[in-house]
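# Examination of the molecular architecture
One-letter residues, chain by chain:
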Amino acid sequence: MMTGLADLVRPVDPTAVLELFPAAPPRLLAVGEPTHRSPELLALRNDLFRGLVKHHGYRTIALETDCLGGLLVDEHVTTGAGDLDNVVARGLSHGWGSLPGNRDLVRWMRAFNAGRPAQDHVRFAGVDGPLEIDAAASPRAALTAVHAFLAAGGDLGLLPCTADELDRLLGEDAAWTEPAAMVDPARSVGRSAQARELRRVADDLATLLDADAPGLVAAAGREAWHTARLRARTATALLRYHSWMADPSDARMPWLLRVRDTIMADNLLALAERGPVLAWAHTSHLRRGAGHMTLWGHDRLRWWGAGAQVAARLGDAYGYLALAVGTVGNQGVAAPAPETVEGALHALPGTALPGGRGLVDARRLADVLGSVPVPRESSWFGYAPLDHLGETDGVLFVRDVVAG
């Protein structure tokens, strides 16, 4: 065991986490997970958020799930609308509504809010776009909702089109959600004449939301205006994403990655304007440095993720913790080599990691480890080793997990 390392490890609790930021608690506290769907990591997330809410004034959790679907979850936790099964099935994308850890989170948030005044409610937010690995959503839901909001509270004469004209431009949703378009640009409608016109319409609608904000807020309320701005951001980004899906050049995939993470960054920044946020997503999205991956024949794609974009704008108000794990038992990710970050932590005795968890200040950990640790090699594509210790404020370590 490396001398002094055990002395650095603290129990995982929100007070210890925030002590990593002695100047001030971060406005946006981001935790990057190395693999999705792990029940152990979801349980840690839930414990951390509950403590931040109860003792440190955090009131929003932001997850890597569809931002429009997340509105359903937020309505449920704030008003009780809908039943839990339906809300998580419709409101959490990527199939994550079936995960017990996510259901536990939503259930706890609703119970916390019951009987509390609205200004003390905890809030749920999705920050991802309405995107999946094999398709992107139609912009219909977002665009028609923004148009209706402006028609109800704004100047009808300034709208760039009527509702009927918007419906005609949108066409059939199946054309937008064509799965083959992800691998065949020719199957995408993203650069059709109608799509180009929709980008102009979406831009004008978004501009009206900001230009007429005083009257719109007075007429509909600040909350409704914020929701309309979320939908407008999503619509314009979706149209940009579809446009690049239709591009046959080598710039296509790098652009798609950038558009997706910019959606996340814009949503995180909007949330941070309203109060302290705990953000939880894959480490590739939240790290301060550039992300990289190999996908569909593109070798070592590199882009600035949402965390890097937000950190550039918020500075010290952005805090980032990296999650690291020792083993992923049901996916063949065995005990790490001792010369890696994960290996040094995994070798600690159980007394140093109560409950199999621990928190370490990243700067002090780097000092103890000395030279740059050897990068861990992952034997499973669904797990990303910790290869960016210098970008983090702290490391949350979980000795052994399974993939859900």
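Given the structure is predicted, the values throughout are model-derived calculations rather than measurements.

Side-chain pairing between opposite charges can occur once the charged atoms of the two side chains come close. Following the criterion strictly, the structure yields 25 salt bridges and no others. We note a salt bridge from Asp47 to Arg357, for which the minimum N-O separation is 3.1 Å. With a gap of 310 residues between them, Asp47 in helix α3 (residues 39–56) and Arg357 in strand β10 (residues 357–361) connect regions that are remote in the sequence. Classification of Asp47 by relative accessible area gives partly exposed; the value is 33%.

As for its placement among the helices and strands, Glu223 is situated in helix α12 (residues 222–245). Glu223 sits in the partly exposed class, given a relative accessible area of 35%. Those residues within four positions of Glu223 in sequence are excluded, and the remaining contacts are Arg123 and Arg274.

On to the packing of aromatic side chains. On inspection of all chains with the given rule, the structure shows 4 aromatic pairs. Relative to Trp255, the ring of Trp244 lies with its centre 4.7 Å away and its plane at 5°, an arrangement referred to as stacked. Remark: Trp255 occurs in helix α13 (residues 252–272) and Trp244 occurs in helix α12; sequence separation between them is 11 residues. Ring geometry for Trp380 against Phe381: centres 6.0 Å apart, planes inclined by 65°, an arrangement best described as edge-to-face. Look at Trp380 and you get buried, because its relative accessible area is 15%. Each member of the aromatic cluster is reached from another via a ring pair, and the members are Phe49, Trp108 and Phe112. The aromatic ring of Phe112 is capped on one face by Arg116, whose charged end is 3.7 Å from the ring centroid. The positively charged end of Arg191 is found above the aromatic ring belonging to Trp244, 4.9 Å away from the centroid.

This brings us to the nonpolar core. Leu29, Phe49, Met109 and Phe124 are the most contacted members of the largest nonpolar core, which totals 43 residues. Looking at this core element by element, the count peaks at 6 residues for α3. Those residues in contact with Met109 that lie beyond four places of it in its chain are Phe49, Ile61, Val77, Val122, Arg123 and Phe124. Of all hydrophobic cores here, the second largest spans 38 residues; its members include Val310, Ala322, Ala324 and Val395.

Calculation notes
Residues numbered from 1 in each chain as written. Predicted model: local features only at pLDDT ≥ 70, side-chain atom pairs only at ≥ 80, totals over all residues. Heavy atoms only, no water. Salt bridge = Lys/Arg side-chain N within 4 Å of Asp/Glu carboxyl O. Helix = DSSP H or I, 4+ residues; strand = E, 2+ residues; numbered from the N terminus. Buried < 20%, exposed > 50% of the residue type's maximum accessible area, 1.4 Å probe, protein only. Contact = heavy atoms within 4.5 Å. Phe/Tyr/Trp six-rings, centres within 6.5 Å; stacked < 30°, edge-to-face > 60°. Lys NZ or Arg CZ within 6 Å of the ring centre and 35° of its normal. Core = buried A, V, L, I, M, F, W, Y, C linked by side-chain atoms within 4.5 Å.

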